[in-house]
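Residues per chain are reported as follows:
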Amino acid sequence: MSHTILSWAMVFAQICLVLAMALAALRMARGPRAQDRVLALDTLYVNSMLLLMVFGIRTGKVIYFEASLVIGMLGFVATVALAKFLMRGEVIE
Amino acid sequence: MILVLLVCLPFVGSLAAVVLLRTDSRVLAARMAGAVTFVALVLTAVLYPSVRDGGKVRLDLEWLPQLGLNVTLRMDGFAWLFAMLVTGIGFLVVLYARYYMSEEDPVPRFFSFLLAFMGSMLGIVLSGNIILLSVFWELTSIFSFLLISYWHNNAAARDGARMALTITGIGGFCLLAGLLVLGHIVGSYDLDVVLASGDLIKAHPLYLTALVLILIGALTKSAQVPFHFWLPNAMAAPTPVSAYLHSATMVKAGVFLLVRFWPALSGTYEWFMLVGIAGISTLILGAYFAMFQQDLKGLLAYSTISHLGLITTLLSLGSPLAAVAAIFHMMNHATFKASLFMAAGIIDHETGTRDMRRLSGLLKYLPITGTLAMVASAAMAGVPLLNGFISKEMFFAEAVETHADSVLDRILPYVATLAGAFSVAYSLRFIHMVFFGPPPTDLPKPKPHEPPHWMRFPIEFLVLACLVVGIIPSLSIGPFLHSAVISVLGDRTPEYSLAIWHGINTPLIMSLIALVGGAALYVVMKDYLAKCDNGPPLFRHLGGQRIFERVLVTVSWKWARWLESNLGTRHLQPQLRLVAAAGFLAGAVSLYLAGFSPKPLAFKDVDPIFAAVWAIGAFCALGAAYQAKYHRLAALVLLGGAGITTCITFVWLSAPDLAITQLVVEIVTTVLLLLGLRWLPKRSEKVDNSVSFSARSRRFRDFLLAISCGFGMFLFSYAIMTQPVPDAIASYFLDKAYSEGGGRNVVNVILVDFRGFDTMGEIAVLAIVALTVFALLRRFRPAPDSIEKPEQQRIQNAFDAERPERSAGDTVRDYLLVPSVIMQWMFPVIATFAVYLFLRGHDLPGGGFAAGITMAIAFLLQYLAGGVRWAEDRLRILPLRWMGFGLIMAAATGMGAWLLGYPFLTTHSQYIEVPFIGKVPAASALLFDLGVFSLVVGATVLILIALAHQSVRMHRVRGLDAPKAEEN
């Protein structure tokens, strides 16, 4: 029983996450402001991280969490660089 | 073994002269060179007993026996005689050069080239493999080039060197081709085999091809007509070089080759005609030109050409007696011509000029040198009791004989006598004009005097040799000549006599006519010669040199320009279009020829989530392409989206380590592109937006090309991925990764173990790329509109400047207060993560590459947080050290296997128990991976820093430009 619940929950989670990713991608393409695009990219990163987590739970393999760890720890670097670029016009002064 | 030593010793000496003797002392280099040549001379001399009477010394070192390429050295009587010549005259020339070279010249360089040349020349002489011979042949051309251009600030030296290299280089190329054909005919590149199969060669249909190619090689080297003109131009070299290379040894290499292959190639009608025409025309033209030279060395150069022509003529005849005379004359010519060159060098050294119109009456000032030069000239003219006389008599005797009845053969006696008369005339002129007559009036150095004794010693020695050989030939040179002749001719060795007096016969009469006629010719022409311009009448403005220059200009300038303007382009777009189109065609055509037919698309077992992720990725990629031209930032963001979906794909398809690597690369790429974005020019609003028809069609064409390439790749990948995986090398790696590589992460084991050598090459390439980027960015000049500070910074700085309580940079510091603290704290965390990735790489996803980039991101964050100055005040990052350490580490790990007797990059693996951490894999591949890690950190950081430093640099450039703008 719990297995069924879990598998349905995972399907639901995946659908939601993919939907979120699609919306983020849409925002990335449409803008209208550059800040919106950067924020959308960050959202896409976070959603991807979660999608990978769900994938790991579904397959039951720990090895896939590695990639989520990398996104969680390093994914913000791209966002920070983009934000700095918007704020100062260059990434490293 | 002595042979190897003999060939290697000069090269070792040459390297030593360059590398070790970086002193200003000219004596030290000269002493070293003298010692090396003397040892070589002794080594050669002690080999004599084993080559006497047809003996041979041979040494085989196998290199590529499958292809017949071996390092074979052999010495027979002829090679011995030539090696004695090379080392003996080499020693005398070194002694002479010790005094000749001036204090200002870089002397170690001179001796280094000279020794290297001697090594190459010995290589030619001792090669037992004809391909090896051609390698040394090329080396002599190259060192001759370097020696002629020794005074490279002199235009004549540069031109002469280039001409010599071009001519002898073309010859060397033809020689190689000819020797390859010869090897093909015989079926072996071994010299002994080639020499033994003369009949086979001469009967083969390719004989003429091989002959012509080899002859071009030999005739260019020996400066035979029509390739003779490089030799007089090579006289811009220092005189020791002229004496050594351009009279005694290198130009003799051509005739040496003719003698060497004489048993295999000569005796046919083609040989006689080709070699004979070249030899006879060189003999007579060289002697004729020599008479009209005003430059001492020019006269000697043309005389050398003429004497080489004499030797060539003798070899063309195909009779054994003529070959004996040729070998003998090679030795005689080397002795008297080298001494004459050295005498000319002394005259130049003491008076400051070599122009015969300005020299006269020097006998009073240089009595000993003058006497020596007179004896040597007499030998050159063929006066009895000197060595030149004997070989010239032999030549005359052969000229009279009928060999292959033809016009050429019948005119030979007359041509020989005429050339003899010319040579008497120019020898007489050399002596009379320089040493006799009134005292000189306008010398650059007014008071000439005798040079130091040891500078004159080589001339004394050589002149003594001329006399001894001339008076008692059979007691002095006789036995050595005999060994040489036997080694070349074998059973065909004729009866010959080296006596001076053969009774009154035709050759003697011809000699007398030449002597008297030459003297008379000089007396008649004396007044004209004393004043005339340089060069012979009629031919003065017509020469091989002019034709050569014309051809060179046409080929290397006009044709090259034409090709560049018609086939080349400097625009990026056409180049990219061509590359893409060629790539597409190459793929499409080869697939079509292989009978490729695309499968119908079939949708089954599709994971809807995965499909949706892909749809998002495709959407992002399309968006990025669409926005790339005008909205770079948007395109970059969308690119990030496409990248992350790729990473998800890798995870989905069970390649977690690819995903990790791709993720870190994705992040670094985004930052790199952003760094570059800052310097791109802004969009120009003024550009005319009306699109012409041609622009429209061009865009349409490019679009079509892009679609076909993309669609082609899609079909291709689809076809491959729907195939069942064949049982190829992948399963081998899966099986062996743990048992032989000691790791469970197969990808990593492949990278650092099975394919370690590839990885080694790849990290070297990465290092080169990083250095290139760094070097290119040092000279970077951005577009004028992006030099200024970005708008945001100007606004924020103005805000700071308006308020007295704020100092410059406060705004950004306030904005970044919280993020920068977090970023600084992340540094140890990310560094630990990098170590973690690195250590577990051998068994689980990770490895040196991913860890290296992660570490680079840690550094990058510090730059982001505080800026270049802040980061570099606190962190000393030396990317070059990291890269160097990485390369050395990787190479040293590989070489470590040698110490244990295994091939390069053999690895060993085991587990070590470490307290608190537990079992840690400790394969030697881990050390290799450490090298990869270190290099990746260094290279990535180097590129990032080089880009980041641009804003600091531009700040300085702006500061420099500001005062200039005010001046304007």
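Residues numbered from 1 in each chain as written. Chains lettered and ligands numbered in written order. Predicted model: local features only at pLDDT ≥ 70, side-chain atom pairs only at ≥ 80, totals over all residues.

## Side note on the overall build of chain A
Then step 1. Assigned secondary structure in chain A consists of three helices and zero strands.
Then step 2. Counting from the amino terminus, helix and strand elements in chain A follow one another as α-α-α.
Then step 3. By the compact-globule yardstick of 12 Å for 93 residues, chain A is too spread out, its C-alpha radius of gyration being 16 Å.
Then step 4. The principal-axis extent of the C-alpha atoms belonging to chain A is close to 55 × 25 × 15 Å.
Then step 5. A burial count over chain A gives 49% of its 93 residues as buried.
Then step 6. Nonlocal contacts in chain A, meaning residues at least 24 apart in sequence, comprise 47% of its contacts between residues at least 6 apart. (Helix = DSSP H or I, 4+ residues; strand = E, 2+ residues; numbered from the N terminus. Rg over C-alpha atoms; globule rule 2.2 N^0.38 Å. Buried ≥ 20, exposed ≤ 12 C-beta atoms within 10 Å, placed from the backbone. Contact = placed C-beta atoms within 7 Å.)

## Thoughts on the overall build of chain B
Then step 1. From N to C terminus, chain B includes 39 helices and four strands.
Then step 2. Scaling as 2.2 N^0.38, a compact globule of 968 residues should have a C-alpha radius of gyration of about 30 Å, whereas chain B reaches 38 Å, well beyond that.
Then step 3. Dimensions of chain B, computed from C-alpha atoms along their principal axes, come out at roughly 115 × 75 × 70 Å.
Then step 4. In chain B, buried positions account for 46% of the 968 residues.
Then step 5. Counted over contacts in chain B with a minimum sequence separation of 6, partners at least 24 positions apart contribute 78%.

## Quick word on the interface of chain A and chain B
Then step 1. Contacts between chain A and chain B engage 40 residues on the former and 49 residues on the latter.
Then step 2. Those elements that provide at least two residues to the side of chain A that touches chain B are helix H1 (2-30), helix H2 (34-59) and helix H3 (65-88) of chain A.
Then step 3. Taken together, the residues of the side of chain A that touches chain B break down into 30 nonpolar, four polar and six charged. (Nonpolar A, V, L, I, M, F, W, Y, C, P; charged D, E, K, R; others polar.)

## Notes on the environment of Ala770(B)
Then step 1. Looking at where Ala770(B) falls in the secondary structure, it is placed in helix H33 (residues 756-778).
Then step 2. Ignoring sequence-local partners within four residues, the contact set of Ala770(B) consists of Met883(B), Ala939(B), Leu942(B) and Ile943(B).

## Comments concerning the packing of helix H12 (residues 239-248) of chain B against helix H17 (residues 320-351) of chain B
All names here are of chain B.
Then step 1. Running from N to C, H12 and H17 point in directions that differ by 160°, and their axes come no closer than 9 Å. Taken together, H12 and H17 sit at an angle that is classed as roughly antiparallel. Of the two elements, H12 crosses H17, and the hand of that crossing is right-handed. In this structure, H12 contributes Thr239, Ser242, Ala243, Ser247 and Ala248 to the contact, and H17 contributes Ala334, Lys337, Ala338, Phe341, Met342, Ala344, Gly345 and Asp348.
Then step 2. The residue makeup of the contact of H12 with H17, split by class, is seven nonpolar, four polar and two charged. (Axes fitted to C-alpha atoms, helices over the stretch in contact; angles between N-to-C directions. Parallel < 35°, antiparallel > 145°, perpendicular 65-115°, else oblique. Left-handed = near helix turned anticlockwise from the far one by under 90°.)

## Looking at the pairing of strand S2 (residues 69-75) of chain B
All names here are of chain B.
Then step 1. Of the strand pairs in this sheet, strand S1 (residues 57-64) and S2 are connected by seven bridges, and their pairing is antiparallel. Across the sheet, the residue bridging to Glu62 is Asn70, located in S2.
Then step 2. Between S1 and S2, which follow one another and run antiparallel, lie four residues, and Gly68 among them has a positive phi close to 75°. (Pairing = 2+ DSSP bridges.)

## Here we look at the nonpolar core
Then step 1. Core analysis: the largest hydrophobic core is formed by 206 residues, its most contacted members being Leu147(B), Ile148(B), Val259(B), Leu315(B), Ile327(B) and Ala376(B).
Then step 2. Sorting elements by how many residues they give to this core places H17(B) first, with 19 residues.
Then step 3. Every residue in contact with Val259(B), bar those within four places of it in the chain, is listed here: Phe78(B), Leu315(B), Ala323(B), Ala326(B), Ile327(B) and Val488(B).
Then step 4. Counting residues in each nonpolar core, the second largest holds 112 residues, with Val70(A), Val77(A), Ala737(B) and Leu935(B) among its members. (Core = buried A, V, L, I, M, F, W, Y, C linked by C-beta atoms within 7 Å.)

## Points about helix H38 (residues 879-899) of chain B
Then step 1. With 21 residues, H38(B) extends 30 Å from end C-alpha to end C-alpha; this agrees with the ideal 30 Å at 1.5 Å per step.
Then step 2. Looking only at H38(B), the buried set comprises Pro879(B), Trp882(B), Met883(B), Gly886(B), Leu887(B), Ala890(B), Thr893(B) and Gly894(B). (Expected span 1.5 Å × (residues − 1).)

## Brief notes about the environment of Ser134(B)
All names here are of chain B.
Then step 1. Residue placement: Ser134 occurs in helix H6 (residues 130-148).
Then step 2. Overall, Ser134 belongs to the buried group, with 24 C-beta atoms counted inside 10 Å.
Then step 3. Counting along the chain gives 45 residues from Ser134 to Leu179, while the straight-line C-alpha distance between them is 8.0 Å.
Then step 4. Ignoring sequence-local partners within four residues, the contact set of Ser134 consists of Gly172, Leu175, Leu176 and Leu179.

## So, the confidence of the model for chain B
Then step 1. Looking at chain B as a whole, its pLDDT mean stands at 85, while 93% of the residues score no less than 70.
Then step 2. Here the predicted complex carries an ipTM of 0.95, next to a pTM of 0.70. (pLDDT = per-residue confidence, 0-100.)

## Digging into unusual backbone geometry
Residue and element names in this part refer to chain B.
Then step 1. Residues Val225 and Pro226 are joined by a peptide bond in cis, for which omega reads 5°.
Then step 2. With respect to the helices and strands, the residue Pro226 is situated in the loop between helix H10 (207-221) and helix H11 (230-233).
Then step 3. One non-glycine residue, Ala223, adopts positive backbone phi at about 55°.
Then step 4. Mapped onto the fold, Ala223 is located in the loop between H10 and H11.
Then step 5. Residue classification places Ala223 among the buried positions, given that 28 C-beta atoms sit within 10 Å.
Then step 6. Positive phi is not limited to glycine here, since Leu385 has a value of about 75°.
Then step 7. Note on placement: Leu385 falls in the loop between helix H18 (367-381) and helix H19 (387-400).
Then step 8. Look at Leu385 and you get partly exposed, because 14 C-beta atoms sit within 10 Å.

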